Amino acid sequence: QYYLRLVSDSWVGVETLHPVSFRHLLLPDREMPYTDLIDCTPLPISALHEPRFESLYDGKFECFNPIQTQLFHVLYHTDTP
């Protein structure tokens, strides 16, 4: 059994001790699932459609790598976490 001790840094003498049980803790599988990499054409940096953003990558590379290409739309055009 583990104990969680909480101590206030603002109030003198204020602390509490809570027992924490991991008896019914559900852990994920050891092998994490993964997404297969789709065979797609690499996106050029011009897909950003913003000259300021494109200038960050100008001269470093011309196209995003396969992982960046696959994730581009979700990461760049949505607010989904």
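Here is what the cut-offs are and how they apply
Residues numbered from 1 in each chain as written. Predicted model: local features only at pLDDT ≥ 70, side-chain atom pairs only at ≥ 80, totals over all residues. Heavy atoms only, no water. 1 Å grid on protein atoms, 1.4 Å probe; cavity = no way out; pocket = protein on both sides within 12 Å on 5 of 7 lines; lining within 4 Å. Points joined across faces, edges and corners; volume = space filled by probe spheres on them. Helix = DSSP H or I, 4+ residues; strand = E, 2+ residues; numbered from the N terminus. Nonpolar A, V, L, I, M, F, W, Y, C, P; charged D, E, K, R; others polar. Phe/Tyr/Trp six-rings, centres within 6.5 Å; stacked < 30°, edge-to-face > 60°. Buried < 20%, exposed > 50% of the residue type's maximum accessible area, 1.4 Å probe, protein only.

S.K.: What is the right way to look at the layout of surface pockets in this model?
M.R.: Over the atoms rolls a probe the size of a water molecule, and in doing so it shows where empty space is left. By volume, the largest pocket amounts to about 190 Å³. The leading source of residues in the lining of the largest pocket is helix H2 (residues 66–77), at 6 residues. Taken together, the residues of the lining of the largest pocket sort by class into 10 nonpolar, 1 polar and no charged.

S.K.: I'm lost on the packing of aromatic side chains in this one. Help?
M.R.: The description of an aromatic ring pair rests on the distance of the ring centres and on the angle between the ring planes. On inspection of all chains with the given rule, the structure shows 7 aromatic pairs. Geometrically, the ring pair formed by Tyr57 and Phe64 is edge-to-face, given 5.9 Å between the ring centres and 75° between the ring planes. Take Phe64: its relative accessible area is 8%, and that puts it in the buried class. When the centroid spacing of 5.7 Å and the interplanar angle of 35° are considered together, the rings of Phe64 and Phe72 count as tilted. On the accessibility criterion, Phe72 (11% relative accessible area) is buried. The rings of Phe53, Tyr57, Phe61, Phe64, Phe72 and Tyr76 are connected pair by pair, giving a single aromatic cluster.

S.K.: Can you walk me through unusual backbone geometry in this structure?
M.R.: Leave glycine aside and you will find that most residues have negative phi; peptide bonds, for their part, are mostly trans. Residue His49 is not a glycine yet carries a positive backbone phi of 55°. Structurally, His49 is set in the loop between strand S2 (15–20) and helix H1 (51–57).

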